Amino acid sequence: MDVKKLDRYMSRTEIDCSNLEFFDPRNGDFVVEGLYWFNSEKRYQRLPQNAEKMVTAPVWTLSRCTTGGQIRFATDSRRIVISAKTTDGKINVTMAEIARSGFDLYCGTPGVDEEFWNTAWPVPGALEYTDEIFNVPEKQMRNFRINFPLYNGVEELFIGLEKDSTLLPPVPLKCKKPIVVYGTSITQGGCASRPGSVYTNILSRALEMEFLNFGFSGNGQNHLEVAEILSEIQDPAMFIMDSEANSVSAELVNERVPLFLDIIRKAYPEIPILVVSKIPYGKRYAIELPSLKAEFRAIVEQKRSAGDKNIHFVDGSNFFERNDYSENTVDGAHPTDRGFAQIAKALEPVLRQLLEQ
């Protein structure tokens, strides 16, 4: 069955680019957020290039996935076209290809009327694709946010706007300091249906702040070399650790997590550190994965008793309404969009309170 022949809304149309001018974000025409080392290295990746020799091979490979990356800008162009070259053309059956390799677009003023608009669909099995992501009849200045793919890398990206349009900087964020999040496949975005649905991107819109997403699928194992790299980030607003699900064993938690947190605290003596335990998992995962919530909670309590009053613990097992994993995950562990929305809803008031303090 070729559904494209049956449903025109699932088929690609020919894109006329003759009246468009394409911009390369590496040239400084747009505000790129969520990729901390982009401005210095001009690479779409989450760790600096020298980290390749410091971290494990899986962490390095995953760091080239662009989850959390965003481009913000304002324009009066009636059309926006994305032309991208990704690093991996293989189809991933675990999650939606739009989330893995596509982009999505939000339109409107952050904190006022920003809303999801459209997705750029990758071509299955191909590294390169071009797709129109915005097309309206009226010409007026609008603010836009483009979210990067969650489980693929981006080699090149060009954004096409009408040749007679104006390109301006976006509305500034409320806070210039980023929130740094370290964690697992769920942090990275598995298995959202599109990039804007992962909880860090939801929170970035809700709080009007930049989030730096360091979720490493299956490899958020509290490696100390990763903590050392993250401690290079200048002046963050907060650090969040969401790594229970990948932490392997109680022995490794007690060995690594205190030292990991010590590295972060040494670099940032005053910022809030929030440790989050994992969300509700299905019954089959209770057999496969140990529950390590008690170990994480005990480590936080020990550090608070030792005088660090700005480290906090949040129980993620309460994040789903009625603790219901069955309607909020795709496999008993990785959230659906509904699950991600509930995670963000649970975390938002906690983050607001800590930021206000």
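Residues numbered from 1 in each chain as written. Predicted model: local features only at pLDDT ≥ 70, side-chain atom pairs only at ≥ 80, totals over all residues. Heavy atoms only, no water.

1. Considerations on the layout of surface pockets
In step 1: The calculated volume of the largest pocket comes to roughly 430 Å³.
In step 2: Surrounding the largest pocket, 15 residues form its lining, Tyr-9, Ser-11, Thr-13, Asp-131 and Glu-132 being those nearest its centre.
In step 3: When contributions to the lining of the largest pocket are tallied by element, the ones reaching two or more residues are β6 (115-120) and β7 (128-135).
In step 4: The element contributing the most residues to the lining of the largest pocket is β7, with five residues.
In step 5: Looking at the lining of the largest pocket residue by residue, the class counts come to six nonpolar, five polar and four charged.
In step 6: As a volume, the second largest pocket reaches approximately 300 Å³.
In step 7: In terms of lining, the second largest pocket is formed by 11 residues, of which the most central are Met-10, Glu-97, Trp-121, Pro-122 and Pro-124.
In step 8: For the lining of the second largest pocket, the secondary-structure elements that each account for two or more residues are α1 (3-6) and α4 (97-101).
In step 9: Here the residues of the lining of the second largest pocket are counted per class, giving eight nonpolar, no polar and three charged. (1 Å grid on protein atoms, 1.4 Å probe; cavity = no way out; pocket = protein on both sides within 12 Å on 5 of 7 lines; lining within 4 Å. Points joined across faces, edges and corners; volume = space filled by probe spheres on them. Helix = DSSP H or I, 4+ residues; strand = E, 2+ residues; numbered from the N terminus. Nonpolar A, V, L, I, M, F, W, Y, C, P; charged D, E, K, R; others polar.)

2. Describing the sheet that holds β7
In step 1: With antiparallel pairing, the four strands of this open sheet are ordered in space as β1-β9-β4-β7. Edge positions in the open sheet fall to β1 (20-23) and β7, since each of these has one partner strand only. Direction aside, neighbouring strands of the sheet carry axes that sit 25° apart on average. (Pairing = 2+ DSSP bridges. Axes fitted to C-alpha atoms, helices over the stretch in contact; angles between N-to-C directions.)

Structural measurements only, silent on function.
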